[in-house]
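Structural characterization, general
Here's the letter readout for the chains.
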Amino acid sequence: MPQAHLDLAAALIRLGRIKHDEADLDVVLANIAQVAKEAIPGAVEVSVTLIQGTEACTAAYTGELALTLDEWQYAQGRGPCLDAATTGTAMLVPDMTAESRWPEWAARAHEAGAASSLSIGLPIQEAMVGALNLYGAVPRAFDEQIGLAQTLAGHAAVALANVHLYASTATLAQQMREAMQSRAVIEQAKGIIMGQRRCSAEEAFAILAQVSQDSNRKLREVAESLVDRAVNGPRD
């Protein structure tokens, strides 16, 4: 049975419900990635790249494949998500086996299980840019989805830029740095949960996000607490 997809109206409603003045940046980014995965046909994994100056990071992702493919680009200093972020345009890779702009990355991506990709630039603020990255399991998964992806990315960019409506650019830039720094401890916490519960990375992240929401604590704080208990044992 074909996978049911979220229609555009429902996706935009989901993005519009984000409380920009209250939500943690990590949660906003995770919501953007998940909505895109559910709304865009052919997207098996989705990520969000953020760039400040020369620093690039994957601040949210729906699966390990997306994270891996992004990080290969950062290591090489080039690739569709980087080019989409810096130019603010759409970068389509219809077929990884026929890609000539980034041949080394495309070859590795194909070996890892991605057959096509689409990255859409997210113009956020002058000090920060980003990209919404979609990865497909079959060639030409996104040839007919560029318009839909651009519409969704445009609304995602607004949601992201308004995380704190009254915050200064400097404050938002600091949030980005914190998001980049938090990913390492979140990955550690996910690894602990995966080992304890024998679950997938996606399930581990969902558990962390649920604890964050239920306890009204930031995702990074929940992860740090879990890692601290695992390393030092429960506090008296």
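Definitions and limits used
- Residues numbered from 1 in each chain as written.
- Predicted model: local features only at pLDDT ≥ 70, side-chain atom pairs only at ≥ 80, totals over all residues.
- Heavy atoms only, no water.
- Helix = DSSP H or I, 4+ residues; strand = E, 2+ residues; numbered from the N terminus.
- Buried < 20%, exposed > 50% of the residue type's maximum accessible area, 1.4 Å probe, protein only.
- Contact = heavy atoms within 4.5 Å.
- Areas by Shrake-Rupley, 256 points an atom, 1.4 Å probe, with all protein chains shown as cover.
- Pairing = 2+ DSSP bridges.
- Core = buried A, V, L, I, M, F, W, Y, C linked by side-chain atoms within 4.5 Å.
- Salt bridge = Lys/Arg side-chain N within 4 Å of Asp/Glu carboxyl O.
- Polar contact = N/O pair within 3.5 Å; in protein donor to acceptor, adjacent residues only side chain to side chain.
- Phe/Tyr/Trp six-rings, centres within 6.5 Å; stacked < 30°, edge-to-face > 60°.
- Lys NZ or Arg CZ within 6 Å of the ring centre and 35° of its normal.

Along the chain, the regular secondary structure elements total nine helices and five strands. Residues counted as buried form 44% of the 236 residues belonging to the chain. Across the chain, the fraction of contacts at a sequence separation of at least 24, relative to all contacts at a separation of at least 6, is 62%. On the chain, roughly 11600 Å² of surface is accessible, and the fraction owed to carbon and sulfur atoms is 51%.

As a further point, take the pairing of strand β2 (residues 55–61). The buried fraction of β2 is high, at five of seven residues. Judged from the six bridges that link them, strand β1 (residues 45–52) and β2 form a sheet pairing that is antiparallel. Following the sheet pairing, L50 is matched in β2 by C57. Counting the residues between successive antiparallel strands, the hairpin from β1 to β2 contains two residues, one of them, G53, with a positive phi of roughly 65°.

Core analysis: the largest hydrophobic core is formed by 33 residues, its most contacted members being V48, L132 and L134. Non-local contacts of L132, meaning those with residues more than four positions away in its chain, are made with I32, A36, V46, S47, V48, L118, S119, I120, L122 and A153. Residues A84, A85, W105 and A131 belong to the second largest nonpolar core, which totals 20 residues.

On to the environment of L208, then. Here L208 lies in helix α8 (residues 201–215). When the C-alpha positions of L208 and L219 are compared, they lie 6.8 Å apart, and in sequence the two are eleven residues distant. The contacts of L208, once residues within four sequence positions are left out, are I186, A189, K190, I193, L219, V222, A223 and L226.

Considering all chains together, one arrives at five salt bridges under this definition. Across the pair E64 and K190 runs a salt bridge whose closest N-O atoms are separated by 3.4 Å. Of the two residues, E64 sits in helix α3 (residues 64–76) while K190 sits in helix α7 (residues 169–197), which places them 126 residues apart along the sequence. When its relative accessible area of 32% is taken as the criterion, E64 is described as partly exposed. Between E187 and K190 there is a salt bridge, with its nearest N and O atoms 3.3 Å apart. Taken together, the positions of E187 and K190, both in helix α7 and three residues apart, correspond to about one turn of that helix.

Our next topic: the environment of V211. Structurally, V211 is set in helix α8. By relative accessible area, which is 35% here, V211 ends up partly exposed. Along the chain, V211 and A223 lie twelve residues apart, while their C-alpha atoms are 9.7 Å from each other.

Take the side chain of S116 next. Along the chain, S116 turns up in strand β4 (residues 116–125). When its relative accessible area of 0% is taken as the criterion, S116 is described as buried. Polar side-chain contacts of S116 include one of 2.7 Å to the backbone oxygen of V138. With sequence-adjacent residues up to four places away left out, S116 is seen in contact with V93, P94, M96, L134, Y135, G136, V138, P139, R140, A141 and F142.

Let us now look at the environment of I51. For I51, the location among the structural elements is in strand β1. Relative accessible area serves as the criterion here: at 8%, I51 is assigned to the buried category. Residues I51 and A85 lie 34 residues apart in sequence; the distance between their C-alpha atoms is 7.4 Å.

It is worth spelling out the packing of aromatic side chains at this point. Given two aromatic rings, their pairing is described by the distance between the two centres and the angle made by the two planes. One pass over the full model with this rule turns up zero aromatic pairs. Lying across the ring of W72, R108 places its NZ or CZ 4.0 Å from the centre.

Function cannot be read off these values alone, since they describe shape.
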